[in-house]
Amino acid sequence: NMIEQSPNRIKAYITIARPDELTLRQNYYPGWRAFFNNEEIKLRQNKYGMSILVPTSGTIEFIYQKSWLFYLAIFINLIIISILISTFGPFRVKN
C-alpha cells in the first residue's frame, strides 16, 4: 500500500510471506537512500532501477537528498555570474 509519493520520497507498506527482493523502477542517482522500518538498508542499482532486500512485512521508504557538492556548484555559479554581470553588464561602474 502506497503511503506517500513525491519526487524525492516514496513510502509504502508491504506485506510479504518470506524475504524477497523489491525493485523500484526509478532512475538511480547517488543521493538515493533506502529505509526499512526506519532503519537504513543497502540500496542496489540494477538494470531496472533500484532494488532492496526486504526481510519481512513492514514500511519501506526511499529518500533522495542532493549532495553538498550540488549546493557548492550552485554557489560557485552564482559568484561567477555576479562577477560577469558586474564586469560586462549594463550596471558596471564606469571610470
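Our subject is the structure that appears above.
Reading the values: rules and limits
Residues numbered from 1 in each chain as written. Predicted model: local features only at pLDDT ≥ 70, side-chain atom pairs only at ≥ 80, totals over all residues. Heavy atoms only, no water. Helix = DSSP H or I, 4+ residues; strand = E, 2+ residues; numbered from the N terminus. Buried < 20%, exposed > 50% of the residue type's maximum accessible area, 1.4 Å probe, protein only. Patch = residues over 30% accessible without salt bridge, like charges linked within 9 Å, V, L, I, M, F, W, Y side chains within 5 Å. Areas by Shrake-Rupley, 256 points an atom, 1.4 Å probe, with all protein chains shown as cover. Salt bridge = Lys/Arg side-chain N within 4 Å of Asp/Glu carboxyl O. Pairing = 2+ DSSP bridges. Axes fitted to C-alpha atoms, helices over the stretch in contact; angles between N-to-C directions.

Chemist: Just to check I follow, could you spell out unusual backbone geometry for this structure?
Modeler: Glycine aside, residues mostly have negative phi angles, and peptide bonds mostly take the trans form. Even without being glycine, Asn37 reaches a positive phi, approximately 50°. As for its position among the elements, Asn37 is in the loop between strand 4 (32-36) and strand 5 (39-41). Despite not being glycine, Asn38 shows a phi value in the positive range, around 70°. Looking at the secondary structure, you find Asn38 in the loop between strand 4 and strand 5. We classify Asn38 as exposed; its relative accessible area is 65%.

Chemist: Is there a simple way to think about a nonpolar patch on the surface in this case?
Modeler: Residues Trp68, Leu69, Leu72, Phe75, Ile76, Ile79, Ile80, Ile83, Leu84 and Phe88 make up a contiguous nonpolar surface patch of about 1000 Å² in total accessible area. Relative to the helices and strands, Leu84 resides in helix 1 (residues 68-88). Since its relative accessible area comes to 45%, Leu84 is described here as partly exposed.

Chemist: It is not clear to me how the pattern of salt bridges should be interpreted in this structure. Could you clarify?
Modeler: In a structure, side chains of opposite charge can pair up when their charged atoms sit close to one another. According to the stated counting rule, one finds four salt bridges in the structure shown. Where Arg9 meets Glu4, a salt bridge forms, and the shortest distance between an N and an O atom there is 3.6 Å. For Glu4, a relative accessible area of 30% corresponds to the partly exposed category. Residues joined in a network through salt bridges with shared partners are Glu4, Arg9 and Glu61.

Chemist: Please clarify how the sheet that holds strand 2 (residues 9-14) should be interpreted in this entry.
Modeler: By definition, the strands of a sheet pair up through backbone hydrogen bonds, in either a parallel or an antiparallel sense. Pairing in this open sheet of five strands is antiparallel, and the strands run 1-2-8-4-5 from one edge to the other. The two strands at the open ends of the sheet, each matched to only one other strand, are strand 1 (2-6) and strand 5. Taken pair by pair, the neighbouring strands of this sheet meet at an average axis angle of 25°, ignoring direction. Pairing between strand 2 and strand 8 (residues 58-64): six bridges, direction antiparallel. Counterpart to Tyr13 in the pairing with strand 8 is Thr59.

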